[in-house]
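Here's the letter readout for the chains.
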Amino acid sequence: MNSFIKRFSGLVKGTLSGFDRIVFKGCILPLMSYLEVMNFCRNKGILNKDYKSWMMTQTKLIIENAEQYAIDNCGQGITHIPTWKIRKETLAHKRQQETRITSGLIGIWSCLEAGSSYRAVYCPDRGYPLLKSYKTNCKHLYFYFDDPELGFMNIRLQTWFPYHIQVCLNGREWLRRSLEQKNIDFLVHGNKFLHIANYDRAQELLNEQLNARFAELLTGFLPVVFPAMQDILGSHLSYYWTLWQSEWATDMIFSSPNKLSGLMDTLLRHAHITGTSTRVLRYLDRPLTKAGKPDRRSSDNVITRLTDFNDGIRCRHWVDNNSVKVYNEQNVLRFETTINNPGKFLVFRHKQGESKDVPKQLRPIRKGVADIPLRATVSQDINNRFMDDLSQLKDDTPVRDVIEAITSHTVKNGRRFRALEPASKDRELLQAISDPAFRISELTNKMLRKKLSGTSFGEKLTEKQLSAKISRHLNMLRAHGLIRKLPRQHRYQLTLKGVRLTNMLNAILSVSIENLLEIAA
């Protein structure tokens, strides 16, 4: 990050790092087991055969409470949506503009969507029905607010037992409300800040979000969206909250869109050179598939020319259901890490309930809200690596200097390592480690085996032989300073020296002799 800011210090007027979209899910853990659900019904005096009629009565009560709350607070009842494909957020923004609601409830929408519940199934062995979990479609309620503290947000409530809840917040909306309270001037477009009068104070406000007591914050919404909770479930049950999806964004606010456009052209060329051009998408309000690719029904083509600042380039890389992307909008360049599967990242932390006197161990990040600061740190590290990579795109270091540094043997810890041969026997390995997707979850022997198994590098080798060969080459790359090993893990990261070499190699291999001679001249 620092190298990026240093290189473009004359163009960047401010930076912001913090949460963008964060989605929490709440469930009642004892009610996730059908045995515990039957115990719950037994304590309530509900027979298994009468479970559905009891549940539908409670569902009716939940919907009636929501209907009355909507009428009392925004003057309109629940609006039904005929299909889940309609974006509720778009409807909420449209209503907010029409009604000019600046704070409080915007509206409540209902929709039939997929969920999980329980049903009575006859058991021949027992001679009576048992409750079993199953997937079903049931009514969900969407509450949209412009909260005075948290900004634009929504809560999704499943009206069927066991009443799962989803809360969607946005760190940038949260920041908007904080800036308003501190009387700090700003200019915002969607979830992008185009200008802030005091960037340092804005960053402090984003950092303070990590100190929030999220469990208490989220539980505080229950009396509003689920006022009948204690009457239905009793006072002894409570929700357990997890961070289901998080987006951590680092914004570079440039002085003008024109200053940013040249850099994005360089990024696009780099993606073509490194063979990742399929991950670069132009977004011009065109239809995209769920995978993020242009819909086949659309006649639009991916183009490589910037027309104006309302246009932008996006490059996205996926690994293990986690992703990182870089894109521009107006005068903002955003690096954004999305984590859906935090267990793929290892950090030093205590086990739940473990004494703080016990040394921390290397363990996967959990989805619980207790690990939110750790998730933020990992996300920022990923953003930093991509910024460091981008800072190397405009590098005037002579190729001769880069080549000389690795084409002679080196000695490390008394062991001699041969020189690299980037144009011949080591080319496929160097091109493999240059994939930007490895900046998300780092390199591993297994990932490289998958990438190199069909190449001449892995030709005629068994899985075990290829693994051993890659291990030897990883040691050689470490000795030359191209990669570094993470502490107490079999994972590796590309160093800035490695980034420079792989960028140079990909550029040379992709350029024509004619263009190369023109550049040299």
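A short tour of the structure in this document, coming up. Going along each chain's sequence as written, the residues are numbered from 1 onward. With the structure being a predicted model, the display of local features is reserved for residues of pLDDT at least 70 and the display and counting of side-chain atom pairs for 80 or more, all residues being used for whole-chain, interface and lining totals. Side-chain numbers here rest on the full set of heavy atoms in the structure, without hydrogens or water.

Considerations on the overall build of the protein chain
The helix and strand tally for the protein chain stands at 18 helices and 19 strands. Per-residue burial for the protein chain yields a buried fraction of 50% across its 521 residues. Contacts between residues were defined by any pair of non-hydrogen atoms, one from each residue, lying within 4.5 Å. Sequence-distant contacts, at least 24 apart, represent 65% of the contacts inside the protein chain between residues at least 6 apart. Working note: accessible area of the protein chain is about 26600 Å², and carbon and sulfur atoms make up 50% of it. The helix and strand labels rest on DSSP assignments: H or I over at least four residues marks a helix, E over at least two residues marks a strand, and numbering proceeds from the N terminus. A simple rule labels every residue: compare its accessible area, found with a 1.4 Å probe on the protein chains alone, to the largest value its type can have, and call it buried under 20%, exposed over 50%, or partly exposed in between. Working definition of accessibility: Shrake-Rupley area with a 1.4 Å probe, residue cover restricted to the visible protein chains.

Overview of the pattern of salt bridges
By salt bridge we mean one thing: a side-chain nitrogen of Lys or Arg within 4 Å of a carboxyl oxygen of Asp or Glu. For the structure shown, the criterion picks out 24 salt bridges. Ionic pairing is found between Glu-89 and Arg-87, a salt bridge with its closest N-O pair at 3.7 Å. Accessibility expressed as a relative area gives 33% for Glu-89, which makes it partly exposed. For the salt bridge of Glu-204 with Arg-201, the shortest nitrogen-to-oxygen distance reads 2.9 Å. Here Glu-204 pairs with Arg-201, and both are found in helix α6 (residues 199-208), just 3 residues apart, close to one helical turn. For Glu-204, a relative accessible area of 41% corresponds to the partly exposed category. Through salt bridges with shared partners, one network takes in Asp-20, Arg-172, Asp-251, Lys-325, Arg-334 and Glu-336.

Looking at the pairing of strand β8 (residues 192-196)
Two faces belong to every sheet, and in a regular strand the side chains alternate between them. Among the 5 residues of β8, 4 are classified as buried, and the element is accordingly described as predominantly covered. Pairing of strand β7 (residues 186-189) with β8, which is carried by 4 bridges, proceeds in the antiparallel orientation. Along β8, the bridge assignment pairs Phe-186 with Ile-196. Whether two strands pair depends on DSSP finding at least two bridges between them. Between the antiparallel neighbours β7 and β8 lie 2 residues, among them Gly-190 with a positive phi of about 65 degrees.

Overview of the nonpolar core
We call a set of buried Ala, Val, Leu, Ile, Met, Phe, Trp, Tyr and Cys residues a nonpolar core when their side-chain atoms join them within 4.5 Å. Within the largest apolar cluster, 58 residues are counted, with the highest numbers of intra-cluster contacts made by Phe-24, Phe-161, Phe-226 and Leu-233. Other than its neighbours up to four places away in sequence, Leu-233 contacts Ile-28, Leu-31, Phe-40, Lys-44, Phe-161, Tyr-163 and Phe-226. Within the second largest apolar cluster, 54 residues are counted, among which are Ile-406, Phe-457, Met-504 and Leu-505.

A word on the packing of aromatic side chains
Stacked, edge-to-face and tilted are the three classes for Phe, Tyr and Trp ring pairs, Trp counted by its six-membered ring, which pair at centre distances within 6.5 Å; planes under 30 degrees apart are stacked, over 60 edge-to-face, the rest tilted. Following the criterion strictly, the structure yields 15 aromatic pairs and no others. Seen in terms of ring centroids, Tyr-51 and Trp-54 are 6.5 Å apart; in terms of plane orientation they differ by 35 degrees. Their pairing is tilted. Taken together, the residues span about one helical turn, with Tyr-51 and Trp-54 both in helix α3 (residues 51-74) at a distance of 3 residues. The two residues Tyr-51 and Trp-54 agree in class, both being buried. Counting every residue linked through ring pairs, the aromatic cluster contains Phe-40, Tyr-51, Trp-54, Tyr-118, Phe-161, Tyr-163 and Phe-226. Lysine and arginine charges are scored as sitting over a ring when NZ or CZ, respectively, is within 6 Å of the ring centre and within 35 degrees of the ring normal. Lying across the ring of Trp-244, Lys-25 places its NZ or CZ 4.1 Å from the centre.

Details of the packing of helix α15 (residues 445-452) against helix α16 (residues 463-479)
Every axis corresponds to a line fitted to the C-alpha atoms, with the helix fit spanning only the stretch in contact, and the corresponding angles, defined between N-to-C directions, vary from 0 to 180 degrees. Their axes nearest at 10 Å, the elements α15 and α16 cross at an angle of 115 degrees. Seen from above, α15 lies across α16 with right-handed handedness. On α16, the residues touching Asn-445, Leu-448, Arg-449 and Leu-452 of α15 are Glu-463, Leu-466, Ser-467, Ile-470, Ser-471 and Leu-474. Each residue gets one of three labels, nonpolar for Ala, Val, Leu, Ile, Met, Phe, Trp, Tyr, Cys and Pro, charged for Asp, Glu, Lys and Arg, and polar for the others, Gly among them. Residue composition of the contact of α15 with α16, by class: 5 nonpolar, 3 polar and 2 charged. Should the near helix be turned anticlockwise from the far one by less than a right angle, the crossing is termed left-handed; should it be turned clockwise, right-handed.

Points about the packing of helix α5 (residues 171-181) against α6
Between α5 and α6, the least distance of the axes is 10 Å, while the angle of their chain directions is 125 degrees. In terms of orientation, α5 lies oblique with respect to α6. Considering only the axes of α5 and α6, their crossing is right-handed. Residues Gly-171, Arg-172, Leu-175, Ser-178 and Leu-179 of α5 pack against Ala-202, Leu-205 and Leu-206 of α6. Between 65 and 115 degrees an angle is taken as roughly perpendicular, under 35 as roughly parallel, over 145 as roughly antiparallel, and anywhere else as oblique.

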